[in-house]
Amino acid sequence: MQNKTMRQILTISFSTLIVGAVSGCSWLYSEDGLIHDPTNDYKKAKQEKPLEVPADYDNSRLKDQYRIADLNIDSNQPELINEPPLQILAVNQGMRINRASEDPGVFMSLSLSELTSNIEAYLKEKEISYQLESNVFTTDWVITDNEAWWRSVFGTDLPRFIRDKYQVTLTEGERAEETALTVKHLAQELMPYDEDVWLNKPLTKR
């Protein structure tokens, strides 16, 4: 019995030692550790030299589309967002992406009047208040409800409520019987759990 107890004590002690060493030693998992932590690798990115093309090649349409921005590591500029972008507009049959638009946009194979009627019907069905002026829909607050008893008990990274305002602009498309639709995010506020106050959240391209 004594030997069994001693083995149990040694096993627990050894396990505790291993866990402490793995979790506490930077030599194992860090930027220069045995297992490389790539969190800050983007700060070391360098801009390569410009693309070289033959002299007789028409390079009027070439542009530096994916230039790496200069980072001042010593400044107080915010960290880059490492979350994936949200899909705002889905592309389906009869739709194509408007790549020239600064805001998320698509071309839809519907006339301006048809698309206007469809959007009005959708907003009314969802009970979203809006204003329509010169083919521009401006919504009131659109609320996302994350409230649930288990989140308030066990905790969550999600806010209790999120509300957003959007602007949907319709214009004539490039082809016949086609309409361009773009969506602009105007404002966002959130309400944390256990608070009854709306907090303004800065908008991002995400």
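Residues numbered from 1 in each chain as written. Predicted model: local features only at pLDDT ≥ 70, side-chain atom pairs only at ≥ 80, totals over all residues. Heavy atoms only, no water.

### A closer look at the overall build of the chain
Spelled out, the test is: Per the convention used, a helix needs a DSSP run of H or I reaching at least four residues, while a strand needs a run of E reaching at least two, with both numbered from the N terminus. To sort residues, take the accessible area from a 1.4 Å probe on protein chains only and compare it with the maximum for the residue type: under 20% means buried, over 50% means exposed, and anything in between is partly exposed. Whether two residues are in contact is decided by their heavy atoms, any of which lying within 4.5 Å being enough. Computed with the Shrake-Rupley method and a 1.4 Å probe, the accessible areas treat only the protein chains shown as cover for residues.
When you go through the chain residue by residue, the secondary structure sums to three helices and 10 strands. Reading the chain from its N terminus to its C terminus gives the helix and strand order α-β-β-β-β-α-β-β-β-α-β-β-β. Out of the 206 residues in the chain, the part that is buried amounts to 20%. Within the chain, contacts between residues at least 6 apart in sequence are counted, and of these 44% link residues at least 24 apart. About 16,800 Å² of surface is accessible on the chain, with carbon and sulfur atoms providing 52% of the total.

### A short note on the packing of aromatic side chains
Here is the rule: Any Phe, Tyr or Trp ring, taking Trp's six-membered ring, that has another such ring centre within 6.5 Å forms a pair; planes under 30 degrees apart are called stacked, those over 60 apart edge-to-face, and the others tilted. Two thresholds decide whether a charge sits over a ring: the Lys NZ or Arg CZ must be within 6 Å of the ring centre and within 35 degrees of the ring normal.
Within this structure, the stated rule accounts for two aromatic pairs. On the numbers, 5.6 Å between centres and 50 degrees between planes, the contact of Y130 with F137 is tilted. On the accessibility criterion, Y130 (22% relative accessible area) is partly exposed. Judged by its relative accessible area of 1%, F137 is buried. When the ring of F161 is compared with that of W198, the centres are 6.4 Å apart and the planes differ by 45 degrees; the resulting orientation is tilted. Taken as a pair, F161 in strand β8 (residues 161-172) and W198 in the loop between β9 (179-191) and β10 (199-200) lie far apart in primary sequence, 37 residues in all. Residue classification places F161 among the buried residues on the basis of a relative accessible area of 15%. Its relative accessible area of 26% is what places W198 among the partly exposed residues. The ring of W141 has R163 lying over it, and the distance from NZ or CZ to the ring centre is 4.4 Å.

### Focus: the pattern of salt bridges
Put simply, the rule is: Salt bridges, as used here, are contacts in which a Lys or Arg side-chain nitrogen is within 4 Å of a carboxyl oxygen on Asp or Glu.
Under the criterion given, the structure shown has five salt bridges. The partner of E189 in a salt bridge is R163, and the shortest N-O contact between them spans 2.6 Å. Taken together, the residues E189 in strand β9 and R163 in strand β8 connect sequence positions 26 residues apart. Comparing E189 with R163, the two get one shared label, buried. Look at the salt bridges and you will find they share partners, linking R96, E174 and E178 into a network.

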